[in-house]
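# Structure assessment
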Amino acid sequence: MDLGLESSLWVGNKRYRAVLTGWHFKWTEVDKKNRDKKTVLVPVAEVAGVEEGRVEILPQKSVEDTDKDFTVFYVKRSSGGGSYGLLWRLGRIQFSCASRVLRDQWTKHLRAALKTHSPLRPHRLLVFINPFGGKKKGRQIYHSLVAPLFELAGISSHVIVTERANQARDHLLKKDLTGFDGVVCVGGDGMFSELLHGLIGRTQQEAGLCENDPAVALQPCPLHIGIIPAGSTDCVCFATVGVVDPVTSALHIIIGDSQPLDVCSVHDVSAQVRYSVSLLGYGFYGDVLAESEKHRWMGPLRYDYSGAVVYLSNRSYSGIVQYLPADPLLSSPRDKTRCLAGCSVCSRSTERLFPHSSDSGSLYSSHFSQFSTDSEGEWVSVEGRFRCVSLTCMSSSCARSPLGLSPSAHLADGTGDLILVWDTHPLGFLKFLYRHTSTQDQFDLPFVEVHRVKAVRFSVPSGREEQEYEEIGGFSSEIDEGQRECVDTVSRNGSQQHLAQRAMTSERKAATPFLCGLCCKKSPSVSVWNCDGEILPFTKIVCKIHGQLVRLYARGIEDGAAIRNSEERDECQRICILNSLNPPSALHTAQCVINCVYVGPVRSHSW
């Protein structure tokens, strides 16, 4: 079937010359002298739907059945305001034809073009709604904003409103998923984590693999994940789309966008596995989450309160960090780049990770051969006292921290960014936290370092055995004064060297709580891990980055150049949008750094 079509159409009293080329649909206003005026060009891949008659979808659906009219719905972009990305809105235009035959010809050709040039569009989705997440508006958001758009696009949905924590994960692990093209969560980062664990676990089960074995090369998940933001932080959505907006996310799902995403597997001494994409944090981040569990009655304010308590407690922890560096020639966490839609770093990584796309098994086998004993000599070992140790597979940006934990982290390059914050003065640590809320480089501090890595191991020094985590937020052992001295050494290829740039730490005195009211408590000797908002009550872990293990219905943040579809422009233009990021005032600095510096995805199920 020839997908091309051209004819005159009318919008109100204005005549347009409409052209469908297969890849694009263009309409140009023509004046009385047959001269071109304004043109709008829409990629066929971004047409959401075509309906006969005069149709409205949002805010309420209305249909006026007319013989010669049809309505085209498409993606229309606008600035995200204070957000880093672009908002997507449902553009709508009603055309009138000279005859019903011509109307039917247009609708037939447009729908055929959608099938031909948008092969990844979902037809059937499994939707999980968390009614307790964020402001508890998950149901309302889905039924009023998302469901009408899915109906327009011809997507059938099986909707499950969850009633308990991990219900979505258990469903994905045990129920029949035949016929579904993807799964969608309406909720926050905690709900996304359930889908992540469920899909990865299901995929490994069907492949006959044991996901709890750290040496296993995990297989990529066949189903896409869609995120309709309805949580408290929505960090994953913000970092992959650039805005937290249900309509924008729904449109990405409808047109079948596909964004690969790296996943970090976390194994403890019992080999039990967890997965993380946004934050794996020890020390400050773990303590804040643990402290907040004691104050759930406070609601979201518990994170502000707990952050203040933990910060004022001035804690640091001894630890041994070992990491396997990534190739510094490919990218660096200090190269000032941003992972945006069409990221060249991630594209090159796809070619590197998937040399033969049809043979994913050989891909993952070769990818994880780097963790064999042959690569043991490449590991770097660092020991000392840390305010926090964190690992992230993405920028972990959010509305309050637009650049995130690691601004130059990439979504799909097969690496993670390891951030080490050494023991320092409380005001120095506050400066580090504050820089997350501004455009200042949080790594440009003498006590902070960042490394792009492929794997990480963490343990406490000998003599500090892992303790049972009996009371959330509390630990019970004292730190000897001799153990408070920071010992910073690095081991590369088996040789031990003292880092010259860390000479200052040998003179540093033991850090003590600087507020009387908080120093009465014994300082804990170990912390816990914050794994995407879940407390892991142990210290010794092994982490591996699995390149492009899952795929989201997203395309990355659109920021540098964006297509703006508007009837008021002569033609589709690519323009540069620069969002100025205004640092917050000093008045609410403390609150911002505590609330937005990644307590982690909030698990909002309240059962």
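So, how was this worked out
Residues numbered from 1 in each chain as written. Predicted model: local features only at pLDDT ≥ 70, side-chain atom pairs only at ≥ 80, totals over all residues. Heavy atoms only, no water. Helix = DSSP H or I, 4+ residues; strand = E, 2+ residues; numbered from the N terminus. Buried < 20%, exposed > 50% of the residue type's maximum accessible area, 1.4 Å probe, protein only. Contact = heavy atoms within 4.5 Å. Areas by Shrake-Rupley, 256 points an atom, 1.4 Å probe, with all protein chains shown as cover. Expected span 1.5 Å × (residues − 1). Bend = angle between axes of the 7 residues up to and from the residue. Pairing = 2+ DSSP bridges. Core = buried A, V, L, I, M, F, W, Y, C linked by side-chain atoms within 4.5 Å.

The chain goes by DAGKc domain-containing protein in an unreviewed UniProt entry, where it is assigned to Amphiprion ocellaris.

With that settled, consider the overall build of the chain. Within the chain one finds 13 helices and 27 strands. Each of the 607 residues in the chain was classed as buried or not, and the buried ones make up 59%. By sequence separation, contacts in the chain at least 24 residues apart represent 76% of the contacts at least 6 residues apart. About 25,500 Å² of surface is accessible on the chain, with carbon and sulfur atoms providing 51% of the total.

Attention now goes to helix α2 (residues 138–152). Across its 15 residues, α2 extends 20 Å between first and last C-alpha, which sits within 8% of the 21 Å expected from 1.5 Å per residue. Along its length, α2 reaches its greatest deviation from straightness, about 40°, at Val-146, and the proline Pro-148 lies no more than four positions downstream. Inspection of α2 places Gly-138, Ile-141, Tyr-142, Val-146, Pro-148, Leu-149, Phe-150 and Leu-152 among the buried residues, and these make up the whole buried set. A positive backbone phi angle near 75° is found at Gly-154, which sits one or two residues after α2.

This paragraph deals with the pairing of strand β20 (residues 448–459). Among the twelve residues that make up β20, twelve are buried, leaving the element largely enclosed by the rest of the structure. Here strand β17 (residues 317–325) pairs with β20 via six bridges, running antiparallel. Bridged to Val-321 within β20 is Phe-458. Note: strand β19 (residues 416–422) against β20, six bridges, orientation antiparallel. In the strand pairing of β20, Asp-417 is matched with Arg-452. Judged from the four bridges that link them, β20 and strand β25 (residues 541–552) form a sheet pairing that is antiparallel. Bridging across to β25, Phe-458 finds its partner in Ile-541.

On to the nonpolar core. Generally speaking, nonpolar side chains in soluble globular proteins are found buried as a group. Leu-280, Phe-284, Val-389, Leu-391, Leu-418 and Phe-432 are the most contacted members of the largest nonpolar core, which totals 46 residues. Per-element accounting of this core gives the leading share, six residues, to strand β18 (residues 380–392). Residue contacts for Val-389: discarding those within four places in its chain leaves Leu-280, Gly-281, Tyr-282, Val-321, Leu-418, Ile-419, Leu-420, Phe-458 and Trp-529.

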